[in-house]
Amino acid sequence: MEHTRLTVTLRPGRGTLVRLAATLNHHQVLDFAYTAAPADAATSVEASARVTTAVIRVPRAHAPRAQQKLRRLVDVLDVAVDPAPPGAASTAPGGRTPSAGAPPR
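Caption draft 1: Molecular detail of the overall build of the chain. When helices and strands are counted, the chain shows three helices and four strands. The secondary structure elements of the chain, listed N-terminal to C-terminal, are β-α-β-α-β-α-β. Classification of the 105 residues of the chain by burial places 28% in the buried group. Restricting the contact set of the chain to residue pairs at least 6 apart, pairs at least 24 apart contribute 73%. Surface summary for the chain: the accessible area is close to 6,800 Å², and the carbon and sulfur share equals 56%.

Structural data, given as structure tokens:
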């Protein structure tokens, strides 16, 4: 299956992860990684400058619509699209699809 990787840069805040999940609810998400910003910012100026990154892998057919929906979120600063190279496998060795919660075997 051909897939596309969407790299989303956003401002972290209360409910950001929930809004991302709700936005992608009707799309087939193959992989999702969320990197939280460090919470040790000393001043409010530093806190407002923090950014978080989410990397979402979706089938190529879902990518344009998912990108449009993500760009409409208040927290999102940018959405970068990185198509998978031709012939890139979306399954793990042995034919299994990687799962975000399961450790590799």
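Caption draft 2: Structural view of the pairing of strand β3 (residues 52–59). Most of β3 is tucked away, with six of its eight residues classed as buried. Examined bridge by bridge, strand β1 (residues 3–10) and β3 share eight bridges and lie antiparallel to one another. Residue pairing for β3: His3 is matched across the bridge by Pro59. Pairing geometry for strand β2 (residues 31–35) and β3, over five bridges, is antiparallel. Bridge pairing in β3 places Ala33 opposite Val55.

Caption draft 3: Highlighting the nonpolar core. The biggest cluster of nonpolar side chains holds 14 residues, and the ones touching the most others in it are Leu6, Val8, Leu20, Ile56, Leu70, Val76 and Val79. Of all elements in the fold, only β1, β3, α3 (63–71) and β4 (76–83) reach the threshold of two or more residues within this core.

Caption draft 4: Fine view of the side chain of His27. If you trace the backbone, His27 turns up in the loop between α1 (16–23) and β2. On the accessibility criterion, His27 (12% relative accessible area) is buried. Apart from residues lying up to four places away in sequence, His27 is in contact with His62, Arg65, Ala66 and Lys69.

Caption draft 5: Spatial organisation of the pattern of salt bridges. Summed over the entire model, instances satisfying the criterion amount to three salt bridges. Notably, a salt bridge pairs Asp82 with Arg5, separated by 2.3 Å at the nearest N-O pair. Here the residue Asp82 occupies a position in strand β4, and Arg5 occupies one in strand β1, the gap between them amounting to 77 residues. Residue classification places Arg5 among the partly exposed positions, given a relative accessible area of 38%. Of the charged contacts in the structure, one is a salt bridge between Arg19 and Asp75, with a shortest N-O distance of 2.6 Å.

Calculation rules
- Residues numbered from 1 in each chain as written.
- Predicted model: local features only at pLDDT ≥ 70, side-chain atom pairs only at ≥ 80, totals over all residues.
- Heavy atoms only, no water.
- Helix = DSSP H or I, 4+ residues; strand = E, 2+ residues; numbered from the N terminus.
- Buried < 20%, exposed > 50% of the residue type's maximum accessible area, 1.4 Å probe, protein only.
- Contact = heavy atoms within 4.5 Å.
- Areas by Shrake-Rupley, 256 points an atom, 1.4 Å probe, with all protein chains shown as cover.
- Pairing = 2+ DSSP bridges.
- Core = buried A, V, L, I, M, F, W, Y, C linked by side-chain atoms within 4.5 Å.
- Salt bridge = Lys/Arg side-chain N within 4 Å of Asp/Glu carboxyl O.

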